[in-house]
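A closer look at the structure
Next come the chains, spelled out residue by residue.
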Amino acid sequence: MDIATIPHPPRRVPVIGDVVGIKVGKPVQTVLAQSRGLGPISVRKVLRTQIVTVGGADLAGDLSDESRFCKFVGLHLPPLRQVVGDALFTAEDDEPNWQLAHDILAPAFTREAMSGYHAVMLEVARELLARWDAAADRGQPVDVTPDTTRLTMETIGRTGFGYRFASFDRDEPHPFVVAMTRALHYARVSAVLPWAPVRRLVAGSAAQHDADVATLRGTVDQVIRARLDDPASDAPDLLGRMLRTAHPGTGDRLDPVNIRHQMITFLVAGHETTSGALSFALYYLTRDQGALARAQAEVDALWGETADPEPAFADVAKLRYVRAALDEALRLWPTAPGYLRAARCDTVLGGRYRMNEGDWALVFLPLLHRDPQVWPDPDRFDPDRFGAGQAKSRPAHAYKPFGTGKRSCIGRQFALHEAVLALGLILHRYALTAPEAYELQIAESLTLKPRGFRLLPRRRR
Ligand code: HEM
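A short tour of the structure in this document, coming up. (Residues numbered from 1 in each chain as written. Predicted model: local features only at pLDDT ≥ 70, side-chain atom pairs only at ≥ 80, totals over all residues. Heavy atoms only, no water.)

1. Brief notes about the sheet that holds strand β9 (residues 430–433)
The criterion, for reference: Strands are labelled as partners when DSSP assigns at least two bridges between them. Segments assigned H or I by DSSP are reported as helices when at least four residues long, segments assigned E as strands when at least two residues long, and all are numbered from the N terminus.
Read from one edge of the open sheet, three strands run β4-β12-β9, paired in antiparallel fashion. Here the strands that pair on one side only, and so sit at the sheet edges, are β4 (142–143) and β9. Inspection of the sheet shows β9 paired to strand β12 (residues 454–459) by four bridges, in the antiparallel sense. In the sheet register, Leu432 faces β12, and the bridge partner there is Pro457.

Structure representation (structure tokens):
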């Protein structure tokens, strides 16, 4: 890529490049701070890798042109690919298994399909409420992110595969979650630290990683075997679909190894992003009494004074302000903070930056979502930005928390239904107070999440 005209951060150092000033454990936050001074496009050299970061709505819009750009499975994705192969998230655009899996699974993620998951989502949300009730009775605060993670892990496990992680019954995370967290950290570190001794120090040994991957595979293989051993089971969930459905056009089916990889992918992709979004929404709402009061007025108007409402599937779409608060939280902290696109041919980005076939760029969402040309006072939490008709007044590609085009998030409707339902129920049930002294800290892994954020719940009824 023609990078001579693209600004880079100050203090570039020979050989290592632009790593000075990137805070350990906070690459997203430091790159955001740096990039805001550099403009809608900047470049960072990290050892031999040049990372072009795009955060302007026009340039992101241009990268959404699928006739010229495709998903780039590079940077942090190859180490993940070693774990889940050509499953949906890590496949190249033109790999046959991507199209096959996409076509087989897409019907399971339509808005209508969500009605089939609603009852289980509600069941799991009530388990979270029971946990918070117990804390409220003791007058104790709750740890928000670990609890929303329990909720989302349990929801995807039960709705997708009929598997219970029993997340609310254990104090420590399920071994699958421990292995997954460590394996993702290892994969992420391997992407930037090729030297084994240093990598071992930061992310543990290769042997530990192998053991973690074996735990992931062993767990899902057990679930698949149990399903296959039960000829009576015709559960219409994701696993049932993958095992039984042939491609509508070709008649092809997913092979067993691919099914295993898809399951791990769904468990990973299907929980951390949603729990982070829910936690950020709770953080911002409890910091903004006006917004909190409006959200609570909305849920009260829908569910009234009953302490234990019976939300219908259609209720979730009626919670417009709650949804706007979630959208706004995802604007400020898009929990999947970026995606990569590569040029399919020699082209010019934004009419100005020459790219050769194969050159790639990172669409950096925290920056895109704070483009001051599009979002006035961009750091302010304001759910009204997502009020009726507002989106039409913005450029089409200014807001992309779920990615873009055919490689955008297949689980978008799933995440939104699950999160709005849970958030609505929490707001209906509790008066929530956050310790005054808490300042938002963000844990960065593959995703972003609030760290150390606690709330004191008190029953409203
Ligand atoms: C708030 C929650 C979520 C956010 C912010 C989010 C974000 C994203 C983004 C940005 C991408 C595109 C990545 C890229 O282009 O490289 C993506 C892809 C994907 N997401 Fe999500 N996601 C969320 C929830 C979910 C859920 C609940 C599931 C599954 C149940 C899921 C499954 C996937 C899969 C399988 C892909 C790959 C799709 C493909 O390339 O065909 N996500 N997600």
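Now, onward.
2. Thoughts on a nonpolar patch on the surface
Formally: The patch calculation keeps residues exceeding 30% relative accessible area without a salt bridge and links them within 9 Å when they carry like charges or within 5 Å when they are nonpolar (Val, Leu, Ile, Met, Phe, Trp, Tyr). To be clear on the numbers: accessible area is Shrake-Rupley with a 1.4 Å probe, and residue cover counts the displayed protein chains and nothing else. The term salt bridge refers to a pairing of a side-chain nitrogen on Lys or Arg with a carboxyl oxygen on Asp or Glu at a separation within 4 Å. Only protein chains enter the calculation, and the probe is 1.4 Å; a residue is then buried if its accessible area is under 20% of its type maximum, exposed if over 50%, and partly exposed in between.
Judged by side-chain polarity, Val15, Ile16, Val19 and Val20 come together as a nonpolar surface patch covering roughly 300 Å² of accessible area. Within the secondary structure layout, Val19 lies in the segment before α1 (27–38). When its relative accessible area of 33% is taken as the criterion, Val19 is described as partly exposed.

3. Observations concerning the packing of helix α12 (residues 272–287) against helix α17 (residues 412–429)
Definition in use: Only the stretch in contact is used when a helix axis is fitted, and all axes are lines through C-alpha atoms; the angle between N-to-C directions ranges over 0 to 180 degrees. Whether a crossing is left-handed or right-handed is set by the direction in which the near helix is turned from the far one by less than a right angle, anticlockwise for left-handed and clockwise for right-handed. The contact definition used throughout considers only heavy atoms, calling two residues in contact when any of these lie within 4.5 Å. Polar here means any residue other than Ala, Val, Leu, Ile, Met, Phe, Trp, Tyr, Cys and Pro, which are nonpolar, and Asp, Glu, Lys and Arg, which are charged; Gly is therefore polar.
With their axes 10 Å apart at the nearest point, α12 and α17 run at an angle of 35° to one another. Both α12 and α17 take part in a crossing whose hand is right-handed. Contact residues: Thr274, Leu278, Ala281, Leu282 and Leu285 in α12; Ala415, Glu418, Ala419, Ala422, Leu423, Ile426 and Leu427 in α17. For the contact of α12 with α17, the residue count by class is ten nonpolar, one polar and one charged.

4. Examining the coordination of the iron atom of the ligand
Put simply, the test is: For Na, K and Ca the donor cut-off is 3.2 Å, and for all other metals it is 2.8 Å, counting N, O and S atoms only; because water is absent from this set, sites may look incomplete.
Protein coordination of the iron atom of the ligand is limited to a single donor, Cys409 (SG), positioned at 2.3 Å. Its location among the elements puts Cys409 in the loop between α16 (365–368) and α17.

5. As for the packing of aromatic side chains
Each aromatic ring pair is described using two quantities: the centre-to-centre distance and the angle formed by the ring planes. Formally: Two rings belonging to Phe, Tyr or Trp (six-membered ring only in the last case) form a pair when the distance between their centres is within 6.5 Å. Interplanar angles under 30 degrees mark stacking, angles over 60 mark edge-to-face geometry, and anything in between is tilted. Think of it as a cone above the ring: NZ of Lys or CZ of Arg counts as a charge over the ring if it is within 6 Å of the ring centre and within 35 degrees of the ring normal.
Summed over all chains, the structure comprises 16 aromatic pairs. Ring centres 6.0 Å apart and planes at 50° place the aromatic pair Trp132 and Tyr430 in the tilted group. With Trp132 in helix α5 (residues 114–138) and Tyr430 in strand β9, this pair connects stretches of sequence that are 298 residues apart. Across the pair, exposure class does not vary: Trp132 and Tyr430 are buried alike. Judged by centre distance (5.7 Å) and plane angle (55°), the ring pair of Phe165 and Phe176 falls under tilted. Placement of Phe165 in the loop between α6 (144–161) and α7 (175–192) and of Phe176 in helix α7 is noted, with a sequence separation of eleven residues between them. Residues Phe165 and Phe176 agree in their burial class; the two are buried. Clustering of aromatic rings is evident, with ring pairs tying together Tyr283, Tyr284, Phe381, Tyr438 and Phe453. Positioned above the aromatic ring of Trp375 is the side chain of Arg331, whose terminal nitrogen or guanidinium carbon lies 5.2 Å from the ring centre. In this structure, Arg394 is placed above the aromatic ring of Phe386, and the distance from its NZ or CZ to the ring centre is 5.0 Å.

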